[in-house]
Structure formats: structure tokens, C-alpha cells
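# Residue-level structural notes
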There are 2 protein chains.
Amino acid sequence: MSTNVCVAGVGSTKFGVLPGRNLQSLAAEAARAALADSNIPPARIGCVFVGNFVGGIMTGQELLGPIVAADLGLSNVAAIKIEAACASSSAAARIGHDLIRAGAEDAVLVIGVERLTGTPRDALTTAMTAAIDQGTEGVAGLTFPAFWGMVMTRHMHLYGTTREQVAAVTVKNRKFGVGNPLAQFQKPVTPDEVLASPPISDPIRRYDCCPATDGAAALVLTNETLAKLYGSPAVRVAASVLLTGSARITDYDEITTHDGTVSAAIRAYEIAGVGPEDIDVAELHDCFSVAEIVDSEDLGFFAKGEGGPAVAGAPSARKVVINPSGGLLSKGHPTGATGCGQIYEVVMQLRGRHPNQVPNARLGLTHNGGGTAAAVTVHILKAL
Amino acid sequence: MSTNVCVAGVGSTKFGVLPGRNLQSLAAEAARAALADSNIPPARIGCVFVGNFVGGIMTGQELLGPIVAADLGLSNVAAIKIEAACASSSAAARIGHDLIRAGAEDAVLVIGVERLTGTPRDALTTAMTAAIDQGTEGVAGLTFPAFWGMVMTRHMHLYGTTREQVAAVTVKNRKFGVGNPLAQFQKPVTPDEVLASPPISDPIRRYDCCPATDGAAALVLTNETLAKLYGSPAVRVAASVLLTGSARITDYDEITTHDGTVSAAIRAYEIAGVGPEDIDVAELHDCFSVAEIVDSEDLGFFAKGEGGPAVAGAPSARKVVINPSGGLLSKGHPTGATGCGQIYEVVMQLRGRHPNQVPNARLGLTHNGGGTAAAVTVHILKAL
């Protein structure tokens, strides 16, 4: 006994440096846009799930569920914050999806929000390490640029991936960013500019890193009956998966293959009854340039070691267009908001209304990871 | 189409000042105890929900879902943190309950955990105000002792509640704490000691306040089929409700009546098919002594204004025994853990195995509030 779940409406703020905005106002802006887009009456919303990662550490604000619900004029709802590091809001979408699919709820408002710039406690790298176990690898000094630096080094060693191929990820995504009015960076970069940018954590350079970003994105999830009743511009959720992967880098057999992504992808394809060859458009978690290569392999778009050549232009059997939003590298990475932001982008593609439209996009995928790919979501979305 | 949900097993650490323990180790201890108590094989767990409020602010640690799941040896699960301030873990229980009830999951591990003492960023009052909207009442200087001081003053003014009646809450709960080996305070206090304790926020004095506490508690929620299969010492969840109330004190018509509690209680009684007169034992959110009086009225145990006389010994038609655990005032208030801790206590009562056993307890209730009663849960539990 299960019902089809759909994204009935989406909303987003601009992603970027947004001074003078707090979490509440960003979340409410995206949520109001999603509610209006969905045409679902706010009174039908039973749950409000706010995905947020470091709102407590960076701004001292928690209890976002009830506060944002009140700002939206929603009363007597079940409102909580859901946190899974950089996968917070896609994890929230998965919980909302499951409640609707099983018939426990008819309509759930899922919001992702983050402020990472100009906050009272602005110390970004320290805040991000909240997603590393402070009892083990945190006290040992691990940071995310260090983790991804090791991944890049190892990927180059194992598969012959070149520094130029990795730089091609940034070049591609910056080019896409030019066309996306929501993106933080709307300026292209050349391969030489990537390679000459300042070193961050060898071999990672500045333009291999996504920026710190403020922003919010929101989704109205409903069953398809409700979406039809209100004439929502609905897109079907063909699969919504959240799974744990290795929570510490010392748990990895091999840090260039992320078990959380592999498991979540396999399960999502199985639920949706499709394979990676069927996906037209994908938004992947390119927090660092090399991450897109690793993810594109772990999701089955390319065999291991073929992700680098593929992004650099080698012929491929795959039709999938990756990160036409500009990805985290260009659109920006407001951590708690990123998951909903990716779903926003793919929904726009499947409606045929994206500024960087993939022709005839019918099936899309989002991939969002928290920590060392310790929490991974994969959503497969289908045009109706 | 719905299935009966039960608490198949419970576990808890000692509540108190627990130096040298981090969130991960406390959460894992409580979770292992709950899994062992339930007799459910860990491999049957599909979701791990960690309720936690200020782990980010106080200790810099987030992503507790995947990290704790990994520590427990659980792989390929959906693991998230759920935050609703002081109601975080009971809110997590509600989400777990709904997933099981609707058939989306068979078994969910719900953990509540908090460290409030001796943390790297020890600044308790500031951390707690993360549950106040920093965009409005936070910047105006509101704190929780100030909020409850206003509530006490107003309750005395409106209903003639006396300072001595409010002190009787602390005296009663401290007496119960003596018998509870998990409690932080196991020493009685006299009415005179309460009234002579140092002023905190007029008319609130030190012994009117719950302490800062470290601790964790956990529940294994399953459907009754699974609990029977594995011979779990199960207690039925007759109702699990989470609702928003007023998220700001300026939203209140009257601060001595908490709309979130009233709505959640009405809905819970309706779902369970019982009334307040049927409840044998209740664990209420007595973060301050006067809160127990307000809550006991809002939950329907007493009419408005009768909560004070009732706790001070006036005859009442109600059989309910309130906070035999010692409540937050004696057992302690490890914020994110409190909701699961209350359910732990009521489950033990319904199994007939509580150190302060209420004779013939068959029906129990827990009430847990976050912020200015902005997020409220009510659970009704029934002996099988």
C-alpha cells in the first residue's frame, strides 16, 4: 500500500553572499515561493522539516522548525530541524517522502537553509568540521579540504586521472554558472586560472573548492492525488534514498570509492526501475572538483577511472548532463540548503524551464553527501 | 491501514555531571542498552534518529546520526539528527512512530543525547537561547528563566497561586529523585530551602530551576508483530503527537496557558481514545517548578488555577502521579535526551519495574516542550 509522491512546488532564494539576512528570513522566502508555486493551500501542510547544518554554531539559532512555521502562518504542524551535515535538506526530503508514500501525511513542506558568511561566529573551516567525529579524526586535525586532497591524490595515483582533467570540472561548472541567475559565481574561469589559483590543501587549489554561501531552497512534497486536485506543476519522486556510508576516513577500504554513494545509488535505481544510462540530467555533490569525478563514477555514470577523461571531453556512452546548475562549485554551497537546491534545479529541468535546459530531460537524479560521504541521499525524479 | 507501534526496548545512561564523556559515547551507551533490552536484532533497524539540541553550539559536533550509527555497527541505515530544542528526542520518537505506524519502517532506533556541563564552549544560558528567535525576542534579551519568571508572576496574579505551592513542586520532585538511581539530584529539599535559595529571575529561585545535565536515553520502536516475534518487553504507543505552539512570547494570548500543550494533549487523548482522568502516571516538562503546574493544567489533569493547590496537597479527583522519576528538577535536563528519558521512565512504570513504582500503572503520558512551548510532544503509552 503506497502512493506516488511528487514535488508539487519548488522555491529558492538567490545563492550567494546575502548580508543582513538571517536563517528565518531566507527560509521563509524560499518556503513562500514553493507554496505559491505548488498551488497547495498552506493549511494542507502537516509537517515542516527544516534542513540545516551549522545554524547553531554559526549563528546561535536553533528551533528553526517552529519559528519558521510561525513566520509562515502555519499553526498546529509538526515542525522540526533535520541535520545530516551537507545532506541535511535532502535527508529531510527523504523523511517527508516516506511519510507521504506510506500515507502518514498528505503534504510536507521541506526547507533547506544556511548562512555561512558574515555570521556572528564566522569560522567556516572549524564549523564544517562539526561533520567530522571530534572524538577521533577531528582532534587529529582532519578538515574537508584535507580529505578531498587525499582523495584527489589517490585518484590520480590509482587511475591516472590528470590535474587538468580535475580542473575541467571547475571550468565546466563555472561555464554553466554563467547561465544560472541563482548562482553565486556567474563568471567563467579558464583551466590555467584553476591551476594557477592559490594552493589550499595539496593538490587542491582555490578554484577546486566550492564557496561559502548563504541561501535557502524549499519543496512542497505531496501525494499525486493532492497535486492533481490543486493543479500543481508536479514532478514524480521515483526514488528517495538516504543511507549511511563510512563515517570516518579510517573506515574506508578505499577513499576513491564512496560506499554510501554506491549503496544509495544501487537502491535508488532499483526502486525507480531505471539505470544510470536512463538519467538525462544529474546534480551531484561537487563540493570539490574531484568530488564530481568520484561521484559520477560511484553513481554508475562512468567506470572507475573514466570520470576524469569523461569530464575532459572523452567520448562516452552516457547521455547524462552533470551539474547544469553550475553545481556547488558555481551555484554555491549553503550546506543545509544544497539538497533542496539540487532538487529545485532538477525539477526545473524536468518542467523544461531551466535557464540551462537539457533538451528533452525526462529523468533526473540528485546526489547529496554529508561528512566523508557518511550520509548520502540519492533522489530520482521523473517528468509527468 | 496502520499497525500498532510499540516501544520494544529502552536504555539510559545515568543523568548528571558526566566528565570525560562525549555525545557519541553517551548516545552509544544508551542505544546499546535499548537494543539489548528490546531483543530486536540490530540488523532489523532501518533508521537511527538522534535527538539533540545544542551539540553544535556546546561541543562543535554535528552529524551525530551517521557517527553514532557507525559506532553501533549499523550500516546502510537512514541516520539523521532531529532538533526541536528541549523536545528534540520526543520529536524524533514521533517521526519514528509515524514511519512504523504507516508501514514505511519496521524498527527505528531513537536516541536522545546532550552534554551541557564542562564542554569546550560552556555558556549554558546563551546556548539555551538558541531556542528563542534571535531575530526578535533573542536580541531583546529574553532568556528562559525570564520567561518562566513572567509565567510564575502571572499565574500567581491570575489564579492566586502561592509561592509556597510552587515550591511544593520542587519538594515533591526532589523527594522522588531520592529513589531514582538515574537522577542527578538524590537529596531532598525542604520548602524553606527552596524559598531561601538564591534569586535567579524574580520570583524564580535556584531550586525552582532544573540543573544542567549530561546524559542519553534511547528507545527501540517497532511494530507489534516484530516485538512479538522477538519477545520484546513491549509497551504500546497509544498516541504520539508533535505540534507547534506559540514560537514567541509575544504570540501568546495568555502566557499561563500554552496552546501547544493544549492542542497536543487534545489530539493525543483523541487518538488514544482516553482522557486525562484515565492516566495513571505522567512525566511532565518541569524545567522550572511553575512549569509543572502550568503543564498539569494544560494537559487537563486540573482546571486552570487548581494545579498549585493540587501539588500542595489539596484533594483532587485525579489519580495521576506526576513526575515520579523526579522530573527535570531532580532527574536533570540533558535537553536533547529529556524526551526519550521521560518515555524510558513511563515504560518502566508500565512494566511494573520502576524504583518509584506507581501501583497498577497501566496508562502513562509524557509531555516534552521546546522553546516557549513552541514545539510540544505528548505521548500516551499503554501496558500490554
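Note that the structure is predicted; figures quoted are calculated from it, not measured. (Residues numbered from 1 in each chain as written. Chains lettered and ligands numbered in written order. Predicted model: local features only at pLDDT ≥ 70, side-chain atom pairs only at ≥ 80, totals over all residues. Heavy atoms only, no water.)

### Concerning the relation of the copies chain B and chain A
The two copies are related by a screw motion: chain B maps onto chain A through a turn of 180° and a shift of 0.0 Å along the axis, at an RMSD of 0.0 Å. Each copy turns onto its partner about a two-fold axis. Taken together, the interface assignments show that 100% of the residues at the interface of chain B recur at the interface of chain A, consistent with an identical surface on both copies. (Least-squares fit on C-alpha atoms with pLDDT ≥ 70 in both. Contact = heavy atoms within 4.5 Å.)

### Some words on the pattern of salt bridges
Opposite charge on two side chains allows them to pair when their charged atoms are near. One pass over the full model with this rule turns up 33 salt bridges over all chains. The closest approach of N and O atoms between Glu 105 of chain B and Arg 94 of chain A, which form a salt bridge, is 3.4 Å. A residue pair is termed interchain when its members come from two chains, as with Glu 105 of chain B in the loop between α4 (88-101) and β4 (107-114) and Arg 94 of chain A in helix α4 (residues 88-101). A relative accessible area of 11% means that Glu 105 of chain B is categorised as buried. (Salt bridge = Lys/Arg side-chain N within 4 Å of Asp/Glu carboxyl O. Helix = DSSP H or I, 4+ residues; strand = E, 2+ residues; numbered from the N terminus. Buried < 20%, exposed > 50% of the residue type's maximum accessible area, 1.4 Å probe, protein only.)

### Describing the domain arrangement of chain A
Residues and elements named next belong to chain A. We note that the domain assignment places domain 1 (5-119 + 212-237) and domain 2 (140-209 + 238-383) within chain A. Between domain 1 and domain 2, the C-alpha centre-to-centre distance is 23 Å. Opposite the 44 residues of domain 1 that make contact, domain 2 presents 38 residues. Together domain 1 and domain 2 conceal approximately 2,900 Å² of surface at their shared face, both sides included; 65% is due to carbon and sulfur atoms. At the junction of domain 1 with domain 2, the criterion picks out 1 salt bridge. Of the charged contacts in the structure, one is a salt bridge between Asp 37 and Arg 351, with a shortest N-O distance of 2.6 Å. Taken together, the links from domain 1 to domain 2 amount to 18 residue pairs in polar contact (both at pLDDT 80 or more). Taken together, the elements giving at least two residues each to the side of domain 1 that touches domain 2 come down to β1 (5-12), α4, β4 (107-114), β7 (215-223) and β8 (235-244). The greatest single-element share of the side of domain 1 that touches domain 2, amounting to 7 residues, is contributed by α4. (Domains from an automatic or database assignment. Buried area = accessible area lost by both parts, 1.4 Å probe. Polar contact = N/O pair within 3.5 Å; in protein donor to acceptor, adjacent residues only side chain to side chain.)

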